[in-house]
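Summary of the model geometry
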Amino acid sequence: MDSAVRARWHGRLSLGLLLAPAILWLGALVILPHVELGVLSFRERVSPHNYVASLAQYKTFFTDPLYWNVFVRTALMSVAATVLTLLLAFPIAWTIAKLSTGRAGSLLFILCLIPFWVSETVRTLGWMILLRESGVLPALLVKLGITAAPVELLYHDATILVGLIYTSLLFMVIPLISSLESLDNALIEAAYDLGAGGFAILRTIVIPHAAPGITAGCIVVFMLTLGNYLTPTLLGGKNSQWFTEQIYTQFITRFNWEQGAAFGFLLLGLSTAMVVIGLKITGQRFGDVMRRT
Amino acid sequence: MIPSLPRPAWLRTTTAVYVVAFLAFLFLPLVVVAVFAFNDAPYPAPPWRGFTLDWFLGNSSKGRTGLFADSELMGSILTSCIVALWVTLLSVLLGTANAFLLERGRFPGKQALSVLMLAPLVIPGVILGISILAFASRIAEFADDTLGWELDFLRPGLPLVVLGQFSFIATIATLTISARLRRFDRTLEEAAFNLGASKPAVFRTIVLPYLRPALLGSAAISFLMSFEDFNTTLMLVGADSPLTVMMYGRMREGASPVLNAVSLFLMAASAVLALTFMRRRPPAH
């Protein structure tokens, strides 16, 4: 064998050795499990160990108002959480990217980062201690004379939103900062010199420039919120009615895997649809968005 | 507005107030968790009844079990560590292989493969969990029916938790290590080859030291993400619970300052990890 042929075989061999683990990972842990989930969702149990293909699981979802309501509610609450997170995160991202110079900026950034090194379980525990009827904030409200007796601040929709926003902030702040930092201050100065007001500058210069960062942040936050389980169940208690909870109930508690699989696919479909729509609106590519965050 | 333009006083004040309020919002939950780990009361709630270490060390005269004597919680910390070590090892190894595949390999379908590798990040963790659970039990049943093998590791339990977490943490390791390898100056490698170095020698003495910061960084991130994962873990867990699942169960049952104690321990551990990791990074990045 001459050396060129040997080199080519060598190259193919090492390519194969590098490809094998990647294919094993994606095949066995991502693609095939989702195929299995799809198969499960399209069948129905007629008697023990006897299944037929059917659309019964999806029919249950669309005919039973309970499931449908929880699904829509989860989607709307996630949209609300995403929008509120954007509104809260934008001023901070602006302060870090444009107003603070040098060390003050990086200090503020690190301060924003710290809470996210701590587990979500711990952060939720903190909110429970703050908000429950015997907790810190109700006691404070009584002491300030705002309420006569301690009020229960847990188990409301607003509580769930606070928890979701809290968990999501960082995922919004980081892409916003990176897109705002690349905005040339001279553009803003020029607009100001030409007589534009603050709002006009924001609308015509800042937001169009930051659009990729805003989309990236919104997509990630929406996805994480939709798929969250811990925060809605602990802060919302029995009233949480989050769709992931329905999936857990069907899969683990009731052992009705067919129904759970269908619910899982519906949630995955909604999540994917939002990602695709978000990318389409701003004309971005998936890979670029993910690398941003 | 930006510093080079005139900013009215009210705007500056509002900005300052907002930043302070924002930071208070971020840190309030963490502060109360830490403070009530030391309150001398059986319930983590105001009023403050004095400082105590009972929730760490225990106090038999008051019937209090401290964190260090709570074998269930300590056991779950150990479980989490074991799971996280496996996930870290697997993710960094695969991440390195993937980095070379994506940055050096030339083959048809590479673009599609690199997009597919990002997919685990956009699939909700709960769904990754149930799909792996369903697929694993399909294989286990198949092996049992046709071959009579009992494949216990495919039933809910720690091996499945490791696989479930690995399925998406591997993506993060891949992204981190690829980003570093992309900036590698290949002339360094060529110089070493010209000087007669063998392929393994070049890899060991040039490429690997260059990748070291990314390898350590992705190991730290993988460990932390595995330790803190809840969604995927909850779906795959068997008899032994990792810490997050154990804490979730206890939080649903009721509150106890022992949970604050274990949380404080977790915060300290992440702080140490974060500080060592940040110090290693060159200041330029």
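Residues numbered from 1 in each chain as written. Chains lettered and ligands numbered in written order. Predicted model: local features only at pLDDT ≥ 70, side-chain atom pairs only at ≥ 80, totals over all residues.

1. Concerning the overall build of chain B
Stated formally: Only runs of H or I of at least four residues qualify as helices and only runs of E of at least two qualify as strands under DSSP, and these elements are numbered from the N terminus. Within these notes, the globule rule equals 2.2 Å times the number of residues to the 0.38 power, and the radius of gyration is based on C-alpha atoms. Labels follow a simple rule on C-beta atoms placed from the backbone: if 20 or more others lie within 10 Å of a residue's own, it is buried; if 12 or fewer, it is exposed; otherwise it is partly exposed. By definition, residue pairs are in contact when their C-beta atoms, positioned from the backbone, come within 7 Å.
When you go through chain B residue by residue, the secondary structure sums to 12 helices and zero strands. Going from the N terminus to the C terminus, chain B shows its helices and strands as α-α-α-α-α-α-α-α-α-α-α-α. By the compact-globule yardstick of 19 Å for 285 residues, chain B is too spread out, its C-alpha radius of gyration being 24 Å. By its C-alpha atoms, chain B is 75 × 75 × 35 Å across when sized along the principal axes. Within chain B, the fraction of its 285 residues that count as buried is 37%. Partitioning the intrachain contacts of chain B with sequence separation of at least 6 by distance along the chain shows that 73% fall at a separation of at least 24.

2. A few points about the overall build of chain A
Counting its secondary structure elements, chain A contains 13 helices and two strands. Here chain A has a C-alpha radius of gyration of 25 Å; the compact-globule value for 293 residues is 19 Å, and the former is much larger. C-alpha atoms of chain A, sized along the principal axes, occupy 70 × 65 × 35 Å. Residues counted as buried form 43% of the 293 residues belonging to chain A. Sequence separation of at least 24 residues holds for 69% of the intrachain contacts in chain A that already meet a minimum separation of 6.

3. Details of the domain arrangement of chain A
All names here are of chain A. The cut-off we apply is this: Here the bounds of each domain stem from an automatic or database domain assignment. In this classification, Asp, Glu, Lys and Arg are treated as charged, Ala, Val, Leu, Ile, Met, Phe, Trp, Tyr, Cys and Pro as nonpolar, and every other residue, Gly included, as polar.
Split into domains, chain A comes out as domain 1 (1-41) and domain 2 (55-292). Its C-alpha centre places domain 1 at a distance of 36 Å from the equivalent point of domain 2. The interface is formed by four residues belonging to domain 1 together with seven residues belonging to domain 2. Of the residues that constitute the side of domain 1 that touches domain 2, the class distribution is two nonpolar, two polar and no charged.

4. Considering the pairing of strand 1 (residues 43-47) of chain A
All names here are of chain A. Where we set the bar: Here, strands pair whenever DSSP counts at least two bridges between them.
Summarising the sheet, strand 1 and strand 2 (residues 50-53) pair through four bridges and their orientation is antiparallel. Across the sheet, E44 pairs through a bridge with V52, a residue of strand 2. In this structure, the hairpin formed by strand 1 and strand 2 is closed by a connection of two residues, where H49 is found at a positive phi of approximately 60 degrees.

5. Things to note about helix 1 (residues 3-41) of chain A
Residues and elements named next belong to chain A. This is how it is decided: The span you would expect from a helix comes to 1.5 Å times its residue count less one. To get the bend at any residue, fit one axis to the seven residues that end at it and another to the seven that begin at it, then take the angle between the two axes.
Helix length check: helix 1, at 39 residues, gives a terminal C-alpha distance of 54 Å against a target of 57 Å (1.5 Å per residue), a fit within 8%. At G27, helix 1 shows its maximal bend, which comes to roughly 40 degrees. All buried positions along helix 1 are accounted for by L18, A22, W25, L26, L29, V30, P33, H34, E36, L37, L40 and S41.

6. Description of the environment of B:A37
Residues and elements named next belong to chain B. Counting through the fold element by element, A37 comes out in the loop between helix 1 (9-35) and helix 2 (54-57). For A37, a count of 23 C-beta atoms within 10 Å corresponds to the buried category. C-alpha of A37 to C-alpha of W55: the two residues are 18 residues apart in sequence and 6.6 Å apart in space. If we ignore the near neighbours within four places in the chain, the residues touching A37 are W55, P257, N260, A261 and L264.

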